[in-house]
Amino acid sequence: DKFQQLTSLDATAALDSPTTYQQWINFRAQTVTDFVAASINTLRESKDSATRPITITIFTEPDQQGKLVSFNQIKEWLGTDIPALANLNPDYIEIQSLFLDFEHRQKPAWTASMIEQFQQQLKTNIPLLVSIQGFDGERKLTAGDFSAAMSAAMSSNIAGVSFYAYHTLAQPHWQTLTKLWQ
């Protein structure tokens, strides 16, 4: 059976065969999509589904020049088939701006470019959300960079912006947020 064939592959052999490698990419991405679809269906069947918006969060990645990599590359690297996930019709699609944590670091204002490039690749009417990273690996993100990323996102054509920071936001970050939200 196809599942047995694909799960018992020798990784080296898969890399040596373009056909097998592509089958592995597709299998992996389809597995992720099927899991998300099953999760969405379970949520939609729940009694309080009308009050629970469904958001699919997606990672992105720029190249050295700041160009967002293609959805095919994201599918290969992360096992995420972005168009297939969008076809599940979530209420929102959220993309994360890891501008300082990317392999090819970007300036905070790049967030606006990321949004524009993402919208050019994915033609959909699903509202887009952006989540800003509030930390820089092991170091805290400066309040100025945080503000620049939040402002860039907020000035873009999106439905909303949020941030995630775990325990790394300091008082200047909270003051920045207060000013942005007034």
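Scoring rules and cut-offs
Residues numbered from 1 in each chain as written. Predicted model: local features only at pLDDT ≥ 70, side-chain atom pairs only at ≥ 80, totals over all residues. Heavy atoms only, no water. Helix = DSSP H or I, 4+ residues; strand = E, 2+ residues; numbered from the N terminus. Core = buried A, V, L, I, M, F, W, Y, C linked by side-chain atoms within 4.5 Å. Buried < 20%, exposed > 50% of the residue type's maximum accessible area, 1.4 Å probe, protein only. Contact = heavy atoms within 4.5 Å. Expected span 1.5 Å × (residues − 1). Pairing = 2+ DSSP bridges.

Trainee: Looking at this structure, I do not really get unusual backbone geometry. What am I missing?
Mentor: A negative phi angle is the norm for most residues apart from glycine, just as the trans form is the norm for most peptide bonds. Positive phi values are uncommon outside glycine, yet Asn89 reaches one of about 55°. Following the sequence through the fold, Asn89 ends up in the loop between helix H5 (82-86) and strand S2 (92-97).

Trainee: Looking at this model, I keep getting lost on the nonpolar core. Mind explaining?
Mentor: As a rule of thumb, soluble globular proteins bury nonpolar side chains together. Within the largest apolar cluster, 28 residues are counted, with the highest numbers of intra-cluster contacts made by Ile93, Ile95, Ile115, Phe118 and Val130. Of all the secondary-structure elements, those providing two or more residues to this core are strand S1 (55-59), helix H4 (71-78), H5, S2, helix H6 (110-121), strand S3 (128-133) and helix H7 (143-154). If near-sequence neighbours (up to four positions away) are discounted, Ile93 is found in contact with Ile56, Ile58, Ala86, Phe118, Leu122, Ile126, Pro127, Leu128 and Leu129.

Trainee: Looking at this structure, how should I read H6?
Mentor: Every α-helical turn comprises 3.6 residues, leaving residues that sit three or four positions apart pointing alike. The terminal C-alpha atoms of H6, which comprises twelve residues, lie 17 Å apart, in line with the 16 Å expected from a rise of 1.5 Å per residue. Looking at the packing, one finds that the buried side of H6 touches S1, H4, H5, S2, S3 and H7.

Trainee: Would you explain the pairing of S2 in this entry?
Mentor: Residues in a regular strand point their side chains to alternate faces of the sheet. S2 sits mainly inside the fold: five of its six residues count as buried. Note: S1 against S2, five bridges, orientation parallel. Residue pairing across strands places Ile56 opposite Ile93, the latter belonging to S2. Here S2 runs beside S3; their pairing, made up of five bridges, is parallel. Note that in S3 the partner of Gln96 across the bridge is Ser131.

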